[in-house]
Amino acid sequence: LSAFHTACCKQKAANGKVPDAISTLAFTAGELQSIHGVSNGAVALCKKVALRYVAFHFTSLSATPAFSQLPAPLMGQLLRMDELGTDTEEHTLIAIEPWLREPGRSAADVVEALEGLRWAWLPLEAVLQLRRMNGLLYQFGCDDGVRRMIDAAVALICWSRKRKHEDEADQLTCPITFDLFEDPVVAADGNTYERSAIEAMFAFGNNRSPLTNEPLASTQLTPCRQLKKLCDAQRMAGAYIGTRKRIFFGSLELPDESVSKVLDEWPGPRVSAS
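Note that this is a predicted model, so its numbers are computed, not measured. Every chain begins its residue count from 1, and numbering advances along the sequence as written. Local features in this predicted model are restricted to residues whose pLDDT is 70 or higher, and side-chain atom pairs enter the listing and the counts only when it is 80 or higher, whereas totals over whole chains, interfaces and linings include all residues. The basis for the side-chain values is all heavy atoms of the structure; hydrogens and waters are excluded.

Quick look at the overall build of the chain
Step number 1: Within the chain, the regular secondary structure consists of 15 helices and 3 strands.
Step number 2: Burial classes follow relative accessibility: with a 1.4 Å probe on protein chains only, a residue under 20% of its type's maximum area counts as buried, one over 50% as exposed, and anything between as partly exposed. A burial count over the chain gives 34% of its 274 residues as buried.
Step number 3: Residue pairs at least 24 apart in sequence account for 57% of intrachain contacts in the chain once pairs closer than 6 positions are excluded.
Step number 4: On the chain, roughly 16600 Å² of surface is accessible, and the fraction owed to carbon and sulfur atoms is 55%. Numbering of helices and strands runs from the N terminus; a helix is a DSSP stretch of H or I covering at least four residues, while a strand is a stretch of E covering at least two. Contact between two residues is taken to exist if any of their heavy atoms lie within 4.5 Å; hydrogens are not considered. Throughout, the Shrake-Rupley method with a 1.4 Å probe supplies accessible areas, and for residues the shown protein chains are the sole cover considered.

Structure follows, in structure tokens:
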């Protein structure tokens, strides 16, 4: 790195120009050696330092002309880096807009570079917007590779959401009854169970943990009020959605008293039987 710095100083003295980080990335190893006269190890280190520098200053450098000239494999490498200086993947998409809109940019380049994007971290609407009118990838929308990339991203996001909802549902169900908690309590093993289910086990003389089968230090149960509120909200949401579907398809002419109570208490849009 010291040799690289010395070579840069010599080049500045010769023509008043110093290769910036982006230019250093664009140079091949042979070009760097011929320009700076440094070893292979120094060249590799210089390119590594330059890569991290560009990643860290990704947003500010994205407006420079040299940024738009970066080759697709290098852009993909930058997008994969943990040091990328953007807050979210949406900000990353905004930052690479000049690169995507560079005249002559091919669909193959776009697909190769955006393989490094963390698609699962993007909102679904942001991905769908890419191919719409005025979207970043609208001009490439007819390309099969771009279409497959977007379709795969949508499938990945939907799968991630499904897994998240399943994980959340698992946290709201009793490991004994596998039903949504009604009266969740924490046992001595630190796990949460439905009160009636764990008390029934105690009544039969079973004082072992249902999950670990280890003896419980005591049969004391502590109510979990926050979890109960979450389960009640989940139950109300399910009742509301089910009622709305039945009303829509005409199988329910007039809601009974319990259904009307759910609809009155639900903060979402109103649904009438008519």
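Observations regarding the side chain of serine 68
Step number 1: Among the secondary structure elements, serine 68 is positioned in helix 6 (residues 65-68).
Step number 2: The buried category is assigned to serine 68, whose relative accessible area is 8%.

Points about the layout of surface pockets
Step number 1: Cavity: a set of points on a 1 Å grid over the protein atoms alone where a 1.4 Å probe fits but cannot get out. Pocket: an open set with protein on both sides within 12 Å along at least five of seven lines, its lining residues, like those of a cavity, having an atom within 4 Å of a point. Grid points are joined across faces, edges and corners, and a volume is the space filled by probe spheres set on the points. Here the largest pocket defines a volume of roughly 190 Å³.
Step number 2: Considering the residues around the largest pocket, the lining is formed by Glu90, Leu93, Ile94, Glu97, Arg101, Ala126, Gln129, Leu130, Asn134, Gly135 and Leu136.
Step number 3: When residues of the lining of the largest pocket are traced back to their parent elements, those giving at least two are helix 8 (89-95) and helix 11 (124-129).
Step number 4: In terms of residue count, helix 8 provides more of the lining of the largest pocket than any other element does, 3 residues in total.
Step number 5: For the lining of the largest pocket, a count of residues per class yields 5 nonpolar, 3 polar and 3 charged. As a working rule, the residues Ala, Val, Leu, Ile, Met, Phe, Trp, Tyr, Cys and Pro are called nonpolar, Asp, Glu, Lys and Arg charged, and the rest polar, with Gly in that last group.

What about the pattern of salt bridges?
Step number 1: The term salt bridge refers to a side-chain nitrogen of Lys or Arg lying within 4 Å of a carboxyl oxygen of Asp or Glu. Per the stated rule, a full pass over the model turns up 11 salt bridges.
Step number 2: Across the pair aspartate 144 and arginine 147 runs a salt bridge whose closest N-O atoms are separated by 3.9 Å. Of this pair, aspartate 144 and arginine 147 both sit in helix 12 (residues 144-171), 3 residues apart, which is roughly one turn of the helix.
Step number 3: Its relative accessible area of 40% is what places arginine 147 among the partly exposed residues.
Step number 4: A salt bridge links aspartate 232 to lysine 228, with the nearest nitrogen and oxygen atoms 3.8 Å apart. Note that aspartate 232 and lysine 228 are positioned in helix 14 (residues 225-248) at a spacing of 4 residues, about one turn of the helix.
Step number 5: On the basis of relative accessible area, lysine 228 is assigned to the partly exposed category, the value being 33%.
Step number 6: What emerges from the salt-bridge pattern is a single network uniting Asp183, Arg195 and Glu199.

Quick look at the confidence of the model for the chain
Low pLDDT means the predicted atomic positions in that stretch should not be read closely.
Step number 1: Within a predicted model, pLDDT stands for the predictor's per-residue confidence, ranging from 0 to 100. Model confidence for the chain is summarised by a mean pLDDT of 76, while 68% of its residues fall at 70 or above.
Step number 2: Note that pLDDT drops below 50 for residues 240-256; the model gives that stretch 21 contacts with residues more than four away or on any other chain.
Step number 3: Note on residues 266-274: pLDDT under 50 across the span, and 14 contacts to partners over four residues away in sequence or across chains.

Thoughts on the sheet that holds strand 1 (residues 184-186)
Strands belonging to one sheet form pairs held by backbone hydrogen bonds; the direction of such a pair is parallel or antiparallel.
Step number 1: One open sheet holds the 3 strands; their spatial order is 2-1-3, and the pairing between them is antiparallel. Of all the strands in the sheet, the pair left with one neighbour each is strand 2 (192-194) and strand 3 (222-223).
Step number 2: Note on pairing: two strands pair once DSSP finds at least 2 bridges between them. Pairing analysis gives 3 bridges linking strand 1 to strand 2, with the strands arranged antiparallel. Looking at the pairing, proline 184 lines up with glutamate 194 of strand 2.
Step number 3: Axes here mean lines fitted to C-alpha atoms, for a helix over just the part in contact, with angles spanning 0 to 180 degrees between N-to-C directions. Sitting on the sheet, helix 13 (residues 195-203) touches strand 1, strand 2 and strand 3, and the angle it makes with strand 2 is about 85 degrees.

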